[in-house]
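Chain residues, written in single-letter form:
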Amino acid sequence: MARDYQAITWCSAVEDDFRSLLDIAIREDVESIGDLTSLSLIPEKAVGRAAVVSRSAGVLAGMPTVEIVCGAISPDLHWEPLLPDGAKIQPKDRIGILSGPARAMLQAERLILNFIAHLSGIASTTDLYVQEIAEFPSKVYDTRKTTPGWRLLEKYATCCGGAQNHRAGLYDAILIKDNHLALAAGRAGLGALEYNPAEAVRSVRKFLAEQDELGPRPPIHCHGNLIATCKMRTSLLAAVAEVTGSAVLSEIIAKTPCHQLEIAHKENEQVPRKPADNFPAKEVIVEVEVDTFQQFESVLAADPDIIMLDNMSCELMAQAVELRNRLKPEIELEASGGINLKTIKNVAKTGVDRISVGALTHSFMMFDVGLDWLEAEEKNA
């Protein structure tokens, strides 16, 4: 099997992204004024207890967010989780129990439900795709078609639903697509002629091989980035450096002024190790997209790690699998392009190794979840 992309688990980088989103969500709800309805109707000393309950069947994701929401709203809010992320749930299943000051509970209610509904919706949709092809060896992968600001959270949710993570961003792998080939053709003076994808693979292999010889380069600074943003990316970058084994990435991370890897991780959380010096940048995953069988035939000889078969018919994909099996069995094939629940099984039947599905994060249905107040006798049970 080819090297794979970094899996997104619940870690400091994911949590930091969530906290940034939560700050915006709280401001949207209360600004600097507060919950006017609760302030006018609910006594300040009133307390309550309620269950967060599933209204539909699916897969749970986002449980770590609830404790963070509670801490942001009131130190007196208490959350008792009853199920873990990745759990299969049915209507009326209790996900957890929320208790504390009634005003704080009402302020936290929609925040908790929105985040769980969003992430569990993605996990539940992902599970449908994974189960649809469970009888085949093909694996379901997510894409970068994510909600801006939600990338890591949404990819975490697809993992909860049983999918594999594709690259997290442009920085952690090479994926040569049709637009790269079109621009490369112009740069090479070929006019409207197509730039050979096989030549593109060889070019990026040469580029990567040269990186360790060039030595570390300073990190790219994007306009408007805050130091806090740089901090919260450090742990993820270090994890990517470990997987790819890039000495260049390691040096960049080590020399970044805001590098705070030691404090970015919670106690007992696994801290990514420094990559070994004998794993150079040239080991970065190289994937190339092709949309014709002729391109596929030519690029096999260039030895990319993965070939993406974009919008190909099942018949052509089956032919590509047969040719790959004969000539280059170590190269993995990925199907991509408009794949949905009605078509994914036929795609899996072709024998491709990977099936990337943008619908996991751009066409999911929000999960139905609600908050039910517990009766007095149940409170004291």
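Our structure's up above, just so we're on the same page.
In this text, all values refer to a predicted model and were calculated from it rather than measured experimentally.

Reading guide: rules and limits
- Residues numbered from 1 in each chain as written.
- Predicted model: local features only at pLDDT ≥ 70, side-chain atom pairs only at ≥ 80, totals over all residues.
- Heavy atoms only, no water.
- Phe/Tyr/Trp six-rings, centres within 6.5 Å; stacked < 30°, edge-to-face > 60°.
- Helix = DSSP H or I, 4+ residues; strand = E, 2+ residues; numbered from the N terminus.
- Buried < 20%, exposed > 50% of the residue type's maximum accessible area, 1.4 Å probe, protein only.
- Pairing = 2+ DSSP bridges.
- Axes fitted to C-alpha atoms, helices over the stretch in contact; angles between N-to-C directions.
- Contact = heavy atoms within 4.5 Å.
- Core = buried A, V, L, I, M, F, W, Y, C linked by side-chain atoms within 4.5 Å.

A.B. asks: What should I look at first to understand the packing of aromatic side chains in this one?
C.D. replies: Counted under the stated rule, the structure contains 4 aromatic pairs. Aromatic pair tryptophan 10 and tyrosine 156: ring centres 5.4 Å apart, planes at 70°, arrangement edge-to-face. Highlighted residues: tryptophan 10 in the segment before α1 (12–30) and tyrosine 156 in helix α5 (residues 151–160), separated in sequence by 146 residues. Its relative accessible area of 8% is what places tyrosine 156 among the buried residues. Each ring, one from phenylalanine 18 and one from phenylalanine 115, has its centre 4.7 Å from the other, and the planes form 75°; the classification is edge-to-face. Taken together, the positions of phenylalanine 18 in helix α1 and phenylalanine 115 in helix α4 (residues 102–132) put the pair 97 residues apart, joining distant regions of the chain.

A.B. asks: How do you make sense of the sheet that holds strand β11 (residues 354–356) when you look at a structure like this?
C.D. replies: Note: strands within a sheet are paired through backbone hydrogen bonds, in either parallel or antiparallel orientation. With respect to topology, 6 strands assemble into an open sheet ordered β6-β11-β10-β9-β8-β7, the strand pairing being parallel. Both edges of this open sheet fall to β6 (139–141) and β7 (174–176), since each of them pairs with a single strand only. When strand polarity is set aside, the average angle formed by the axes of neighbouring strands in this sheet is 25°. One ladder, built from 3 bridges, connects β7 with strand β8 (residues 286–290); its direction is parallel. Bridging from a neighbouring strand, isoleucine 176 pairs with valine 288 of β8.

A.B. asks: Help me understand the environment of tyrosine 129 in this model?
C.D. replies: By the element assignment, tyrosine 129 lies in helix α4. Among the residues examined, tyrosine 129 registers a relative accessible area of 5% and is labelled buried. The spatial distance from the C-alpha of tyrosine 129 to the C-alpha of alanine 359 is 9.8 Å, given a sequence separation of 230 residues. Each residue touching tyrosine 129, except ones within four places of it in the same chain, is listed here: Val140, Ile339, Asn340, Leu341, Ile344, Val357, Ala359 and Leu360.

A.B. asks: How should the nonpolar core be read in this particular structure?
C.D. replies: Among soluble globular proteins, nonpolar side chains are generally buried collectively. The biggest cluster of nonpolar side chains holds 49 residues, and the ones touching the most others in it are Leu22, Val69, Ile73, Leu77, Leu98 and Val369. Contributions of two or more residues to this core are made by α1, β1 (47–54), α3 (63–73), β5 (94–101), α4, α5 and β12 (369–373). For this core, the element with the highest residue contribution is α4, accounting for 12 residues. Filtering out sequence-adjacent residues up to four positions away, leucine 77 remains in contact with Cys70, Leu98, Ser99, Gly100, Pro101, Ala104, Met105 and Ala108. Residues Ile176, Val284, Leu309 and Ile339 belong to the second largest nonpolar core, which totals 41 residues.

The quantities given are spatial measurements derived from coordinates; they are silent on function.
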